[in-house]
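Observations on chain architecture
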Amino acid sequence: MTFRPAGHDLRPLDFVRNSTTLPAMPPLLQVDRLSKAFAAVRAVDGVSFTVQAGEIYGLLGPNGAGKTTTISMICGLLRPDSGNVSVCGRPFATDPQAAKRLMGVVPQDLALYEELSAAENLQFWGRLAGLDTKTARLRTAELLEALTLADRAKDAVKTFSGGMKRRVNLGCALLHRPQLLLLDEPTVGIDPQARLNILEFIRGLRAAGTAVLYTTHYLEEAESLCDRIGIVDHGRMHAEGTLRELQERLGGDRLFTLEGPWAGTQPDTWPGFREHFRVIQQTDRQLVVAALGERDPADCLRELLALPVRTENVSLKRPSLNDVFLQLTGRDLRE
Amino acid sequence: MLRTLLAKDFARARRNPLPWVIFLLAPLCVAGIIGFAFGGHQKEQKISSIRFALVDEDNTIVTRFLRGGLNQGSFGDERRSDVPLEPVLLERGPALAQLNDSQLSAVVIIPAGFSADFLDGKKVALELIKNPTESIKPTVIEEGLGILTAGLEGLARNFAPELAALRDVLDGDPSLEQIGPLLTQAGQKLRSLGPVLNPPLVGYTKAGGATSGNAAGGSGFNLFGHLLLGLAAMFLLFLGGLGMGDLHREIELRTLARYRTLHVSLTPFLGAKVVFTGLMLLLCAAIILGSGTAAFGVTWHRPLALLGLAVGYAFFVAGLMAVIVAWIPDQRRADPVRSMVSLLLGMAGGCAFPPEMLPPFFQMHLMPLLPTHWFASTARAVEYGDAATAWLPVALKLALLGAALLALAAGLFRRHFAKGGRA
């Protein structure tokens with residue numbers, strides 16, 4: 001991949017990562033207690049997080065969690081009721097135009113002119129972002145190559161598959177090589193192969209130093225792509241951290257699934273259960289529990305089997321993001 | 001940036017021209033149908049020649065004199081009236097047969113004994129038989145006959161002694177010695193009447209300043225052209241809706257939202273859309289009026305005035321349609337409103353039919369307020385009325401109104417976005 005984000009020549013990736021002796025750089029994006037309500041509905045409620053250069057920050061949550069509203073406030077499409085957004089240490093509100101110059105926004109919907117070709121779309125958005133005709137044309141060719149669309153450059157977008165349109169949609173935000181890329185569910189509705197291509201492309205952008213804010217409701221994407229993840233639901237940030245940090249909230253590597261007739265039972269009343277375990281999820285047939293404290297899994301298993309209930313099967317698994325989400329919000333993200 | 005935005009819009013219109021073509025064809029088809037129905041295919045709209053028969057059953061020297069005058073081959077060419085008469089001399093039977101075949105518009109019969117009775121000062125009557133399948137042409141003949149009988153009436157009342165003497169002369173063997181004194185007597189009478197009759201103290205001029213002549217502007221009336229100007233005014237509203245309505249599509253496509261994430265202001269985006277719509281409207285106006293010329297032979301006598309009016313009108317239409325989009329950003333709700341507004345403005349502005357057909361209240365109180373009427377009436381006056389019609393103030397008024405509407409639209413858009421409305 002030959003495409004590089006803005007500032008690459010001046011501030012290469014190694015410089016950013018190894019500059020520990022220099023004064024700390026402000027985060028590329030800082031969101032501080034952002035709130036927005038539509039009538040009685042609080043779409044976003046005091047959300048805070050930061051995104052550093054060369055980092056992919058994932059906002060994970062179900063539909064209606066407030067992810068798109070958050071991105072809309074960050075890029076200036078919506079005015080927050082309260083809270084602040086800073087880009088490169090400067091408040092967005094004081095100079096929105098300067099902040100927008102550093103951003104590239106990929107909306108969830110395909111914001112493309114379907115009558116125009118892929119190259120025309122890219123060049124158009126590049127020209128509007130301030131590039132001269134020659135540069136826009138040059139970067140369009142580079143981007144189409146990187147997005148593996150060079151052979152369809154002159155075809156009308158309306159003839160493209162969903163995955164190809166998604167790639168053009170992504171490319172339109174990259175012409176001016178933004179330092180901060182806001183991606184609002186960029187892989188919705190496309191096939192797995194096209195999704196992998198896009199994720200790989202985004203990893204390439206991270207490697208080149210671009211800060212990426214990535215919203216998704218796909219657990220696998222957040223797990224495999226994001227350096228840090230913020231879990232949002234009903235407009236609130238429930239937890240954030242690396243995947244490891246989030247997993248450790250549930251007892252590190254130890255989650256036990258007990259199969260049996262659990263309808264109507266109350267595990268917390270079982271002798272010795274509450275002291276060593278907590279329930280993550282309970283259904284009529286399945287009970288997912290996390291072990292408390294740093295204990296050997298074999299000890300945990302013995303303790304579970306010693307409980308005065310009839311357990312048909314016990315299995316050990318690593319906590320997933322869905323388990324974390326489940327524990328934080330009380331509902332399954334896959335529902 | 002404006003060039004980039006315009007290039008994008010024109011490229012999109014070029015790749016998907018169908019909506020524009022449909023809206024362009026509509027006024028041509030409607031005007032064409034109406035124009036053909038009224039004979040608008042002729043290059044200049046005039047009544048075709050009126051063929052009528054003169055049946056002389058009296059056959060005297062007086063009626064022969066009259067027939068001879070009518071029978072001159074140059075009669076139609078030398079007439080001062082625009083009405084082309086084509087008289088034929090026939091016997092009663094063949095004349096009525098041709099009338100039944102609709103080959104004639106009317107038959108005028110001079111009954112036997114007409115001359116003798118007239119010269120005797122008795123009451124006489126010419127006989128008129130009109131073709132019942134026609135309306136206008138027989139009426140023209142009837143009106144003409146009315147003028148003729150009024151003239152004969154005046155002659156009979158003022159020259160009774162001379163006419164009686166003339167009858168005596170005609171009954172015998174007429175000679176110049178007998179006729180000469182009669183002519184002298186009649187001449188003296190006419191001379192004495194001269195100061196009374198000439199110059200006429202009461203006259204009329206054609207409405208619209210016929211004195212300015214045709215060369216400078218207002219020219220031969222053309223029904224198709226007259227209709228086309230009004231229909232163009234109405235359909236340019238629809239075309240303007242299509243052009244500015246593209247903002248709805250930009251909202252729907254989320255491209256306007258993407259635009260708003262850039263570091264540029266909204267003004268160029270709206271400005272480009274206005275310029276695009278304005279240019280498309282001018283192009284469409286040229287196609288509509290040009291098609292009128294190519295297909296129906298309509299001649300536009302004052303193209304500069306029409307261009308000026310079209311520019312002002314395009315501004316107004318773009319402004320109006322921008323307000324509708326800004327007011328109702330949801331396309332599904334806006335479409336019927338836009339259609340209704342266009343239709344109402346077109347109809348009430350007298351674009352679709354002659355304004356005189358509207359109720360007096362509309363004509364007196366409503367139409368003067370409607371920009372569609374400003375455009376259509378001025379364009380029609382420029383082409384078919386007074387050549388001195390002041391079109392520039394009307395064009396400026398339209399453009400200023402358009403600018404005011406655009407400012408209103410921009411304000412509505414800002415308020416919509418500030419409230420968190422969908423872009």
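The structure presented is a predicted model; accordingly, all values stated were derived computationally and were not measured.

1. Here we look at the overall build of chain B
- What chain B contains, in helices and strands, is 18 helices and four strands.
- Within chain B, the fraction of its 423 residues that count as buried is 43%.
- Summarising the internal contacts of chain B: among those between residues at least 6 apart in sequence, 77% fall at separations of at least 24.
- As presented, chain B carries roughly 21,700 Å² of accessible surface, and 65% of it is formed by carbon and sulfur atoms.

2. A short note on the overall build of chain A
- On a plain count of helices and strands, chain A comes out with 12 helices and 14 strands.
- Counting every position in chain A, which comprises 335 residues, the buried fraction comes to 51%.
- Residue pairs at least 24 apart in sequence account for 69% of intrachain contacts in chain A once pairs closer than 6 positions are excluded.
- Summed over its atoms, the accessible surface of chain A is roughly 14,900 Å², and 50% of this surface lies on carbon and sulfur atoms.

3. As for the sheet that holds strand β7 (residues 180-184) of chain A
All names here are of chain A.
- Sheet architecture is open: six strands sit in the order β6-β7-β8-β3-β9-β10, paired in mixed fashion. The strands lining the two open edges of the sheet, one partner per strand, are β6 (103-106) and β10 (236-241). Ignoring strand direction, the axes of neighbouring strands in this sheet form an average angle of 15°.
- Contacts from helix α7 (residues 192-207) reach β3 (56-60), β7 and β8 (211-216), with the element oriented near 150° to β8.

4. Some details on the environment of Ser86(A)
All names here are of chain A.
- With respect to the secondary-structure elements, Ser86 resides in strand β4 (residues 82-87).
- Along the primary structure Ser86 and Ala99 are separated by 13 residues, whereas in three dimensions their C-alpha atoms are 8.2 Å apart.
- The residues contacting Ser86, other than those within four sequence positions of it, are Leu28, Leu29, Gln30, Pro91 and Phe92.

5. Some words on unusual backbone geometry
Residue and element names in this part refer to chain A.
- The phi angle at Arg33 is positive, at roughly 50°, despite the residue not being glycine.
- Relative to the elements of secondary structure, Arg33 occurs in strand β1 (residues 29-38).
- The phi dihedral of Ala39 is positive, around 55°, even though this residue is not glycine.
- Checked against the element boundaries, Ala39 lands in the loop between β1 and β2 (41-51).

6. Examining the confidence of the model for chain A
- When pLDDT is averaged across chain A, the result is 84; 91% of the residues are at 70 or more.
- Ignoring residues within four places in sequence, the model shows residues 1-22 of chain A, a span with pLDDT below 50, making 30 contacts including any to other chains.

7. Considering the packing of helix α14 (residues 303-327) of chain B against helix α17 (residues 371-384) of chain B
All names here are of chain B.
- One can describe the packing of α14 onto α17 by two numbers: an axis separation of 10 Å at closest approach and a directional angle of 175°. By the angle between their axes, α14 is roughly antiparallel relative to α17. Contacts between α14 and α17 involve Ala305, Leu306, Leu309, Ala310, Tyr313 and Phe316 on the former and, on the latter, Pro371, Thr372, Phe375, Thr378, Ala379, Val382 and Glu383.
- Residue classes in the contact of α14 with α17 are distributed as 10 nonpolar, two polar and one charged.

8. Quick look at the sheet that holds strand β1 (residues 50-56) of chain B
All names here are of chain B.
- Ordered by their spatial adjacency, four strands build an open sheet running β2-β1-β3-β4, and the pairing between neighbours is mixed. Of all strands in the sheet, those with a lone pairing partner are β2 (85-89) and β4 (127-130), marking the two edges. Averaged over neighbouring strand pairs, the angle between their axes works out to 20° when direction is ignored.
- With five bridges joining them, β1 and strand β3 (residues 106-110) adopt parallel strand pairing. Bridge pairing in β3 places Leu54 opposite Val108.
- The sheet contacts of helix α7 (residues 136-158) involve β1, β2, β3 and β4, and relative to β4 the element is tilted by about 165°.

9. Some details on the interface of chain B and chain A
- Across the contact, 26 residues belong to chain B and 29 residues belong to chain A.
- Buried surface at the junction of chain B and chain A, both sides included, amounts to about 2,600 Å², of which 58% is carbon and sulfur.
- When the area that chain B buries against chain A is broken down by residue, the three leading residues are Arg258(B), Thr261(B) and His263(B), summing to 31%.
- Taken together, the connections running from chain B to chain A amount to four salt bridges.
- With a shortest N-O distance of 3.3 Å, Arg12(B) and Glu115(A) are connected by a salt bridge.
- Where chain B touches chain A, the interface holds 13 residue pairs in polar contact (both at pLDDT 80 or more).
- When contributions to the side of chain B that touches chain A are tallied by element, the ones reaching two or more residues are α1 (2-15), α11 (246-253) and α12 (255-260) of chain B.
- A per-element tally of the side of chain B that touches chain A places α1(B) first, with six residues.

10. Description of the packing of α7(B) against helix α8 (residues 160-171) of chain B
Residues and elements named next belong to chain B.
- α8 packs onto α7 with a crossing angle of 90° between their chain directions and a minimal axis gap of 5 Å. With respect to their mutual orientation, α7 and α8 come out roughly perpendicular. Facing α7, whose interface residues are Leu155, Ala156, Arg157 and Asn158, α8 presents Ala160, Glu162 and Leu163.
- Among the residues making up the contact of α7 with α8, the classes are represented as four nonpolar, one polar and two charged.

11. Description of the pairing of β2(A)
All names here are of chain A.
- The sheet contact formed by β1 and β2 spans seven bridges and is antiparallel. Each bridged residue has a counterpart across the sheet, and for Leu34 the counterpart in β2 is Val47.
- Count of turn residues in the β1/β2 antiparallel hairpin: two residues, of which Ala39 carries a positive phi of about 55°.

12. Topic: the nonpolar core
- Leu170(A), Leu181(A), Ile231(A), Tyr313(B) and Phe316(B) are the most contacted members of the largest nonpolar core, which has 137 residues in total.
- In terms of residue count, α14(B) provides more of this core than any other element does, 15 residues in total.
- In this structure, Tyr313(B) is in contact with Ala233(B), Met234(B), Leu236(B), Leu237(B), Pro371(B), Thr372(B), Phe375(B) and Leu398(B), ignoring residues within four places of it in sequence.
- Judged by nonpolar contacts, the second largest core, of 32 residues, contains Val31(A), Val47(A), Val51(A) and Val85(A).

13. A few points about the environment of Asp117(B)
All names here are of chain B.
- Along the chain, Asp117 falls in helix α6 (residues 114-120).
- Overall, the relative accessible area of 28% leaves Asp117 in the partly exposed class.
- On a C-alpha basis, the gap between Asp117 and Arg167 in space is 9.6 Å, while along the polypeptide they are 50 residues apart.
- Those residues in contact with Asp117, other than ones at most four positions away along the chain, are Lys122 and Val124.

Analysis parameters
Residues numbered from 1 in each chain as written. Chains lettered and ligands numbered in written order. Predicted model: local features only at pLDDT ≥ 70, side-chain atom pairs only at ≥ 80, totals over all residues. Heavy atoms only, no water. Helix = DSSP H or I, 4+ residues; strand = E, 2+ residues; numbered from the N terminus. Buried < 20%, exposed > 50% of the residue type's maximum accessible area, 1.4 Å probe, protein only. Contact = heavy atoms within 4.5 Å. Areas by Shrake-Rupley, 256 points an atom, 1.4 Å probe, with all protein chains shown as cover. Pairing = 2+ DSSP bridges. Axes fitted to C-alpha atoms, helices over the stretch in contact; angles between N-to-C directions. pLDDT = per-residue confidence, 0-100. Parallel < 35°, antiparallel > 145°, perpendicular 65-115°, else oblique. Nonpolar A, V, L, I, M, F, W, Y, C, P; charged D, E, K, R; others polar. Buried area = accessible area lost by both parts, 1.4 Å probe. Salt bridge = Lys/Arg side-chain N within 4 Å of Asp/Glu carboxyl O. Polar contact = N/O pair within 3.5 Å; in protein donor to acceptor, adjacent residues only side chain to side chain. Core = buried A, V, L, I, M, F, W, Y, C linked by side-chain atoms within 4.5 Å.

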